[in-house]
2 protein chains.
Amino acid sequence: MASRIRLDGIPTPALLLDLDVLERNVARMAAKVSALGARLRPHVKTHKCIEVGRLQRRHGAEGITVATLVEARAFADHGFDDITWAFPLVPGRLGEVIAIAQRIVLRVVVDGLEALDALAAAARGSGLTIHTWLKVDCGYGRAGVDPRAGASVELARRIAEAPGIAFDGILTHAGHGYLARNRDELVRIAGEEREVMVEFAGRLRDAGVQVPAISIGSTPTMSVAESLEGISEVRPGNYVFHDYMQVANGVCHLADCAVTLLSTVISHQPGSDHAVIDAGALALSKDLGPSEASRGKGLGPVIAASSGALEERVWVRSVSQEHGVLGGASVADVEGRFRVGERVRVLPNHSCLTAAMFDEYYVRRGEEIVDRWKIWRGR
Amino acid sequence: MASRIRLDGIPTPALLLDLDVLERNVARMAAKVSALGARLRPHVKTHKCIEVGRLQRRHGAEGITVATLVEARAFADHGFDDITWAFPLVPGRLGEVIAIAQRIVLRVVVDGLEALDALAAAARGSGLTIHTWLKVDCGYGRAGVDPRAGASVELARRIAEAPGIAFDGILTHAGHGYLARNRDELVRIAGEEREVMVEFAGRLRDAGVQVPAISIGSTPTMSVAESLEGISEVRPGNYVFHDYMQVANGVCHLADCAVTLLSTVISHQPGSDHAVIDAGALALSKDLGPSEASRGKGLGPVIAASSGALEERVWVRSVSQEHGVLGGASVADVEGRFRVGERVRVLPNHSCLTAAMFDEYYVRRGEEIVDRWKIWRGR
């Protein structure tokens, strides 16, 4: 970093990353996954940041997972040589896939014949062998093949037998863990994420299809997982930062949240039940959170300057493009509390989408800014 | 532009800008505002694009409005020398304000004494005279002073009398026009936006405070305004592009929408009621639209490839970070309709936030891409 920056000298809105919390989160997940006997291939879509990826690697991550080709190229450029693009293959971007796969091991994901055929043709054209996962739907219902369908076994066989394709195994993501209404439901979803995949692998093996690896995982399901028996690797991502959604859903505590938004109060009228901050959708995103638990706090709660605890009665009630509206249950919760020019920290509802709005983190140790780290945003 | 690009060669997701529609929108608003006898100071927060700003200027725009200092610097760097930063002044960013005001006429907005005092101190320190609007709340209830309060007259007087401050007049934005449930309600809000400001200016003049100008305007209120009597300038922004919110609210027709999102179908499972596209929150944003009218179509309707009309029964039902889910009312609406690899155009709910997710527009005339224009995103 060029010159020392003081926390109160940062232009708002800005994204603060607490290095102590980050390091603790990274170490804790690495230890848990290792203790359960699986490999950790963390998803970097949350942080999009080389320095955080390096920290994860120092703690034993074997390979990484990306959501975009921007992330894939950035990490490949910085010495990450084993990357899974965990996104249904986009046929029109196969040229970019091949270019990256010529430099590192890039693993892609398919869940249908059209994508497989396009991939096989690209592999043939390039002379490369492309590592490929079969995406499975373990109950989320977004993408991935139905593990109970006979056609899914046939698709796996086609992948395994296709020239120019190296079949890596089966992969899933229990995104519906974010919708769990309580811990019991989350535990059930985490169990199913593992069991569905182990069972499907058994059926594939019974049908004569070798399954080199099984890849599962999300931060909510990994937070409650008690067994990873039969699982090769897991791909949680959000755990590096956590956010208010994870607090509301009982996945973590406030002290585990590494990213907060620094903003400035820019308007408050006498007698009004709200104050305006300079952080709107362009800073926080418009993510209200998928769960009932997080919805009550709008776009995210305010962190009390005095205690570091969450304000009980003030949160970002709404956002427009550049404005955020801090509101409370009554005028008394706001009146006289916020002075124009004062800085306010917000705990984002969803740290992944908030980070994706910024170009850099201000990295802090306590009250000191020790570095600035680039965010590789884009698609 | 370096080399000719074909529409089908663009990597998705991508933002397409229809130049014919853009030019028509720009000309139409310019003609309307001119006919009503006001100046047009368009808000560039929608497009964040120098080329679109130049087009507006060729059609008679006098000065522009920005929402961020990134926009202010970019336009100042490209020959725009009269810019209003229509955002409550952020005291911590006064150094940036002064730096821009040393190069061009930068007009700022205050709605309280704290901001005014900070601004006056910065003006004193720099030796500059800073042009300043008083922000008024005409009923939106977000920021701005209450035009009925005596304190608001006193604040205007303080601005007008402050050394180093040039009082530009009073400014408002009827953002609640976006919440109107029908045209009658919108017409009423548009009338109030004008009347509240003309009346407040009258009270200020009666109190001996000269009001050099009155600035109002939004795309919805300007679309229905029949009089701008007493108004100096208007600041609509969204009209250059429009979007599905504006269609749903009756502000424009589908043929008036200049920006669409080009995406690719990346997953569809047999028997499923949805298909997945490669455009999620990182492309469309998570803006569900403020109005009941737009909510039924999720994140935006799909444009039928054959007719260019809106698909009656298919829209972007939900988005996660990189995935969009195209859904219909029933399986039959989707089944067999979308092939993996096929391209689908979506009409965004909110073009401003969608544009803010991208770095460039692919500019089209019909099916030909004729240019790429940079988007000055950030805050």
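It should be noted that the structure appears before, not after, this text.
Note that the structure is a prediction, hence the values are computed from the model and not measured.

Another aspect to go through is helix α5 (residues 113-126) of chain B. All names here are of chain B. Here α5 spans 20 Å end to end across 14 residues, near enough to the 20 Å set by a 1.5 Å rise per residue. Looking at the buried positions of α5, the neighbouring elements they touch are α4 (94-101), β6 (105-110), β7 (130-135), α6 (150-161) and β8 (165-171). Positive phi shows up at glycine 127, right after α5, with a value of about 80°.

So, about the pattern of salt bridges. Residues and elements named next belong to chain A. The tally for this structure, following the rule as stated, stands at 50 salt bridges over all chains. Across the salt bridge formed by arginine 365 and aspartate 20, the nearest N and O atoms sit 2.5 Å from each other. Of this pair, arginine 365 sits in strand β17 (residues 360-365) while aspartate 20 sits in helix α1 (residues 19-35), and the two are 345 residues apart along the sequence. Looking at arginine 365, the relative accessible area reads 32%, which means it is partly exposed. Exposure remark for aspartate 20: the relative accessible area of 38% places this residue in the partly exposed category. For glutamate 185, the salt bridge is made with arginine 181, and the minimal N-O distance between the two is 3.0 Å. Under the relative-accessibility criterion, glutamate 185 is labelled buried at 17%. Classification of arginine 181 as exposed rests on a relative accessible area of 67%. Connected via shared salt-bridge partners are Arg41, Asp82, Arg107, Asp168 and Glu233.

Moving on: the relation of the copies chain B and chain A. Superposing chain B onto chain A takes a rotation of 180° plus a shift of 0.0 Å along the axis, which leaves an RMSD of 0.0 Å. Look at the turn and shift together and you get a two-fold axis relating the two. Minimal C-alpha distance to the rotation axis in chain B is attained by Lys286(B), lying at 2.7 Å.

Once that is clear, we can look at the pairing of strand β11 (residues 259-267) of chain A. Residues and elements named next belong to chain A. Within β11, nine of the nine residues are buried, which leaves the element mostly enclosed by the surrounding structure. Direction of pairing for strand β2 (residues 14-18) relative to β11: antiparallel, over a ladder of four bridges. Residue pairing across strands places leucine 16 opposite threonine 260, the latter belonging to β11. By the bridge criterion, four bridges tie β11 to strand β16 (residues 343-346) in an arrangement that is antiparallel. The partner of serine 263 across the bridge, within β16, is valine 344. By the bridge criterion, two bridges tie β11 to strand β12 (residues 274-277) in an arrangement that is antiparallel.

Another point: the sheet that holds strand β8 (residues 165-171) of chain A. All names here are of chain A. Read from one edge to the other, the open sheet built from eight strands follows the order β3-β10-β9-β8-β7-β6-β5-β4, with strand pairing classed as parallel. The open sheet is flanked by β3 (39-40) and β4 (64-66), the only strands paired with a single partner. Bridge count between β4 and strand β5 (residues 82-88): three bridges; the pairing is parallel. What sits directly across from isoleucine 64, in β5, is isoleucine 83. Lying over the sheet, helix α3 (residues 69-77) contacts β4, β5 and β6 (105-110), oriented at roughly 175° with respect to β5.

A few words on the sheet that holds β8(B). Residues and elements named next belong to chain B. An order of β3-β10-β9-β8-β7-β6-β5-β4 is seen for the eight strands of this open sheet, with the pairing classed as parallel. Sheet topology places β3 (39-40) and β4 (64-66) at the edges, where each strand pairs with a single neighbour. As judged from the four bridges shared by strand β5 (residues 82-88) and β6, these two strands associate in the parallel manner. The partner of threonine 84 across the bridge, within β6, is arginine 107. This element, α4, spans β5, β6 and β7 of the sheet and lies at about 150° to β6.

Our focus in this paragraph is the nonpolar core. Grouped together as the largest cluster of nonpolar side chains are 210 residues, with contacts concentrated most on Leu22(A), Ile170(A), Tyr361(A), Leu22(B), Ile170(B) and Tyr361(B). Filtering out sequence-adjacent residues up to four positions away, Leu22(A) remains in contact with Leu17(A), Val52(A), Leu55(A), Val240(A), Phe241(A), Ala258(A) and Trp373(A).

Moving on, we come to the environment of Lys32(A). Residues and elements named next belong to chain A. Residue position: lysine 32 is located in helix α1. The partly exposed category is assigned to lysine 32, whose relative accessible area is 27%. Taking the C-alpha atoms as reference points, lysine 32 and valine 247, 215 residues apart in sequence, are found 19 Å from one another. With residues near it in sequence (within four places) discarded, lysine 32 still touches Met222, Ser223, Val224 and Ala225. Polar contacts involving the side chain of lysine 32 include one to the main-chain carbonyl oxygen of methionine 222, which spans 2.9 Å.

Calculation rules
- Residues numbered from 1 in each chain as written.
- Chains lettered and ligands numbered in written order.
- Predicted model: local features only at pLDDT ≥ 70, side-chain atom pairs only at ≥ 80, totals over all residues.
- Heavy atoms only, no water.
- Helix = DSSP H or I, 4+ residues; strand = E, 2+ residues; numbered from the N terminus.
- Expected span 1.5 Å × (residues − 1).
- Contact = heavy atoms within 4.5 Å.
- Salt bridge = Lys/Arg side-chain N within 4 Å of Asp/Glu carboxyl O.
- Buried < 20%, exposed > 50% of the residue type's maximum accessible area, 1.4 Å probe, protein only.
- Least-squares fit on C-alpha atoms with pLDDT ≥ 70 in both.
- Pairing = 2+ DSSP bridges.
- Axes fitted to C-alpha atoms, helices over the stretch in contact; angles between N-to-C directions.
- Core = buried A, V, L, I, M, F, W, Y, C linked by side-chain atoms within 4.5 Å.
- Polar contact = N/O pair within 3.5 Å; in protein donor to acceptor, adjacent residues only side chain to side chain.

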